[in-house]
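In case you want the letters, here they are:
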There are 2 protein chains.
Amino acid sequence: MKITLIGVGLIGGSMALKLKAKGLVSQVFGVDRNEEHLAEAKKLGIIDEALPLEKAVKSSDLIIIAIPVDSTAEILAQILDLVTDKQTVMDVGSTKAGIVQSVKTHPNRSRFVAFHPMWGTENSGPESALADSFSGRAAVICDAEDSAKDALNMVITIAENLDMHLMYMKAQDHDVHTAYISHISHITSYALANTVLEKEREEDKIFQLASSGFSSTVRLAKSHPEMWVPIFKQNKENILDVLNEHISQLRKFKSALEKDNDVLLEELIRNANRIRGILK
Amino acid sequence: MKITLIGVGLIGGSMALKLKAKGLVSQVFGVDRNEEHLAEAKKLGIIDEALPLEKAVKSSDLIIIAIPVDSTAEILAQILDLVTDKQTVMDVGSTKAGIVQSVKTHPNRSRFVAFHPMWGTENSGPESALADSFSGRAAVICDAEDSAKDALNMVITIAENLDMHLMYMKAQDHDVHTAYISHISHITSYALANTVLEKEREEDKIFQLASSGFSSTVRLAKSHPEMWVPIFKQNKENILDVLNEHISQLRKFKSALEKDNDVLLEELIRNANRIRGILK
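Residues numbered from 1 in each chain as written. Chains lettered and ligands numbered in written order. Predicted model: local features only at pLDDT ≥ 70, side-chain atom pairs only at ≥ 80, totals over all residues.

> How do you make sense of the overall build of chain A when you look at a structure like this?
The helix and strand tally for chain A stands at 13 helices and eight strands. A compact globule built from 280 residues would reach a C-alpha radius of gyration of about 19 Å, and chain A, at 21 Å, matches this within 12%. Its C-alpha atoms put chain A at 65 × 40 × 30 Å along the principal axes. For chain A, restricting intrachain contacts to residue pairs at least 6 apart in sequence, the fraction spanning at least 24 positions comes to 76%. (Helix = DSSP H or I, 4+ residues; strand = E, 2+ residues; numbered from the N terminus. Rg over C-alpha atoms; globule rule 2.2 N^0.38 Å. Contact = placed C-beta atoms within 7 Å.)

> How should the relation of the copies chain A and chain B be read in this particular structure?
Here the two chain copies are tied together by a rotation about an axis and a shift along that axis. Under the fitted operation, chain A is carried onto chain B by 0.0 Å of movement along the axis and a turn of 180°, and the coordinates agree to an RMSD of 0.0 Å. Interpreted geometrically, this transformation is the action of a two-fold axis. For chain A, the minimum C-alpha distance to the rotation axis belongs to Thr217(A) and amounts to 2.1 Å. Both copies share a contact surface, since 99% of the interface residues of chain A are interface residues in chain B too. (Least-squares fit on C-alpha atoms with pLDDT ≥ 70 in both.)

> Help me understand unusual backbone geometry in this model?
Peptide bonds are mostly trans, and most non-glycine residues show a negative phi. Residues and elements named next belong to chain A. Positive phi values are uncommon outside glycine, yet Asp163 reaches one of about 60°. Within the element layout of this structure, Asp163 appears in the loop between α6 (149–161) and β8 (165–169). Even without being glycine, Asp260 reaches a positive phi, approximately 50°. Mapped onto the fold, Asp260 is located in the loop between α11 (236–258) and α12 (262–273).

> Sorry, what's going on with the environment of Gly12(B) here?
Residues and elements named next belong to chain B. For Gly12, the position within the fold is in helix α1 (residues 10–21). Exposure remark for Gly12: the 29 C-beta atoms within 10 Å place this residue in the buried category. As for Gly12 and Val196, which are separated by 184 residues in sequence, their C-alpha atoms are 33 Å apart. Setting aside residues no more than four positions away along its own chain, Gly12 makes contact with Leu5, Gly7, Ile64 and Ala66. (Buried ≥ 20, exposed ≤ 12 C-beta atoms within 10 Å, placed from the backbone.)

> Honestly, the pairing of β8(A) in this entry has me stumped. Any pointers?
Here is the key point about a regular strand: its side chains alternate between the two faces of the sheet. All names here are of chain A. Two strands pair when backbone bridges link them, and strand β7 (residues 138–142) and β8 are joined in this way by five bridges, in the parallel orientation. Paired with Cys142 across the two strands is Met169, which belongs to β8. Between the parallel pair β7 and β8, the chain is carried across by α6, and the sense of this crossover is right-handed. (Pairing = 2+ DSSP bridges. Right-handed = clockwise from strand over helix to strand, strands pointing away.)

> Whenever I open this one, the sheet that holds strand β5 (residues 88–91) of chain A confuses me. Can you help?
Where strands meet in a sheet, backbone hydrogen bonds hold them as pairs that are either parallel or antiparallel. Residue and element names in this part refer to chain A. Across the sheet, which stays open at both edges, the eight strands sit in the order β3-β2-β1-β4-β5-β6-β7-β8 with mixed pairing between neighbours. The sheet terminates laterally at β3 (49–50) and β8, the two strands that pair on one side only. By the bridge criterion, two bridges tie β5 to strand β6 (residues 112–117) in an arrangement that is parallel. Looking at the pairing, Val89 lines up with Phe112 of β6. Its contacts with the sheet put helix α7 (residues 171–199) on β6, β7 and β8, and the angle it makes with β7 is roughly 145°. (Axes fitted to C-alpha atoms, helices over the stretch in contact; angles between N-to-C directions.)

> Just to check I follow, could you spell out the sheet that holds strand β4 (residues 62–65) of chain B for this structure?
Residues and elements named next belong to chain B. Overall, mixed pairing links the eight strands, which are arranged β3-β2-β1-β4-β5-β6-β7-β8 in an open sheet. In this open sheet, the two edge strands, each paired with only one partner strand, are β3 (49–50) and β8 (165–169). The pairing of β4 with strand β5 (residues 88–91) spans four bridges and is classified as parallel. Bridging across to β5, Ile65 finds its partner in Asp91. Sheet strands in contact with helix α7 (residues 171–199) are β6 (112–117), β7 (138–142) and β8, and its direction is about 145° off that of β7.

> How should the pairing of β7(A) be read in this particular structure?
All names here are of chain A. Here β7 lies mainly inside the structure; five of its five residues are buried. Burial along β7 is two-sided: the residues Ala138, Val140 and Cys142 and Ala139 and Ile141 are all buried. Direction of pairing for β6 relative to β7: antiparallel, over a ladder of four bridges. By the bridge assignment, Pro117 is partnered in β7 with Ala139.

> I tried to follow the nonpolar core on my own but got confused; where do I start?
Note on soluble globular proteins: their nonpolar side chains tend to be buried together. Residues Leu5(A), Ile64(A), Val155(A), Leu5(B), Ile64(B) and Val155(B) are the most contacted members of the largest nonpolar core, which totals 182 residues. Apart from the residues within four sequence positions on either side, Val155(A) is in contact with Thr88(A), Met90(A), Val113(A), Phe115(A) and Ile141(A). (Core = buried A, V, L, I, M, F, W, Y, C linked by C-beta atoms within 7 Å.)

> In this structure, what is going on with the interface of chain A and chain B? I would like to understand it.
A common way to express how large an interface is: the accessible area buried when the components associate. The interface of chain A with chain B comprises 77 residues on the first partner and 76 residues on the second. Considering every element that reaches the side of chain A that touches chain B, the biggest residue donor is α7(A), with 20 residues. By residue class, the composition of the side of chain A that touches chain B is 41 nonpolar, 20 polar and 16 charged. (Nonpolar A, V, L, I, M, F, W, Y, C, P; charged D, E, K, R; others polar.)

> What is the right way to read the domain arrangement of chain A from this model?
All names here are of chain A. Split by domain assignment, chain A resolves into domain 1 (2–169) and domain 2 (174–278). Distance between the C-alpha centres of domain 1 and domain 2: 30 Å. With 14 residues of domain 1 at the contact, the number on the domain 2 side is 15 residues. Elements with a contribution of two residues or more to the side of domain 1 that touches domain 2: α4 (69–82), α5 (97–102) and β7. Its residues assigned to classes, the side of domain 1 that touches domain 2 shows six nonpolar, five polar and three charged. (Domains from an automatic or database assignment.)

> Got a minute to help me understand the packing of α11(A) against α7(B) in this structure?
Each pair of packed helices can be described by the angle between their axes along with the distance between the axes. Closest axis-to-axis distance for the α11(A)/α7(B) pair is 9 Å, and the angle between their directions is 125°. Taken together, the axes of α11(A) and α7(B) are oblique relative to one another. Regarding α11(A) and α7(B), the two cross each other, and that crossing is right-handed. Along its contact with α11(A), which presents Val242(A), Glu245(A), His246(A), Gln249(A), Leu250(A) and Phe253(A), the element α7(B) presents Ile187(B), Ala191(B), Leu192(B), Asn194(B), Thr195(B), Glu198(B) and Lys199(B). Of the residues contributing to the contact of α11(A) with α7(B), the split by class is six nonpolar, four polar and three charged. (Parallel < 35°, antiparallel > 145°, perpendicular 65-115°, else oblique. Left-handed = near helix turned anticlockwise from the far one by under 90°.)

Below, the structure written as structure tokens:
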């Protein structure tokens, strides 16, 4: 099978490496605005050849769009214009409602499968790609009923070869869930980094004293704005709901502390401890 | 050398295992209100014998207090009452100002060294103890000038045998720094867990969709209130300062989102990204 990778960064690169290692994919064409990334991806064996968009798409069984979600929404209709009913297009974006909306009435809508692998790191670029990144993680297919059966089967095969377990949901529900279990974590992590950077000027002391706990909560603050500004914008309403709730939860801690209300403080912590039973 | 471990949990247990492995400590007496923990610690080779407080202290060269910070402040004077000028007492607490204040005028103050190893996990109890936990981490000694030279040298030897690098600071400064790089992380993590648990009732979906990013930011929310309520109370003023700043940083994200202010959103993220240069 031949595939086109639109965006040869962390996610696309990791997918290509794995699918090649599994023997499912024989050839990968790379499309990327960033020439350095293309050269790097070729050197790392992620892609076999860099091609212009149209030529790449026309030569491929499957087109994987792995670029920021705003660019995905812009380019998806253009790619669907190019494909036949023997080809499949999938994305990997962290938001889904805006992307499926962008091609809702497109005559080739059924060739597209909205996909989201639940994995990522604070790093980016082809040099961060790792073949085994996705193993054991969840992947979501949204609005499966709007995709052709063979296109869907193609993406199911991809997910299986990435060793991921699949979940199906509506694009709208997906965006609510990811606001809670992914997008808000990035905002809290950015805000925590800004809090410490704002108040603590002796940076050497942060570096030396920082415990593993701090590093863990602030890790996501290293994530790049090119990817995250578009996610926050596309999932704005859901994220604002969660952010308001989060600020109100922080205010409960503030009030408990200010009023020396040990009972409330302990109650808030015991409630949070319930996450232990849910997340391993 | 013989030591008494007051509190045979995660921190004390990890220290004892390492100091025994290094051959520095030949015998460990355990003191703990929790009989099960004492039995478990003996089974795991953390302690050699469970003894009553007074007998244990009188038989030891070094007494390590590894219990919650409120209990440390309560028991420290009582232990200093028992020791001679050949013995050393150290604690491992996450707050320092309250603890040093509690023995400021004690005639044996100089036998005490205020110590804080910058390591911990969301787990507790002797079964969580690991000999190599502290390797490569920072440890802080506070108000070193109030400790006798031989007591200080004893604790420096302990830190060296734990493979930690030492920093010296005032107890007051320590508490400001730890509010930023440890305590606030716990509050944001608890609040994030409570946010998700509050709004998201379909717990199976959280569990299955949760990415490594979410797990990372919410990991500390598993930490127990027995340890953290006393820390928050003892470092109340510093934590409230940081918490207010953190809420105001979150509000900046909220405002940028509400107003579709992409420039501010990107600026907030780029500023947070600076943590990449500071924390590895």
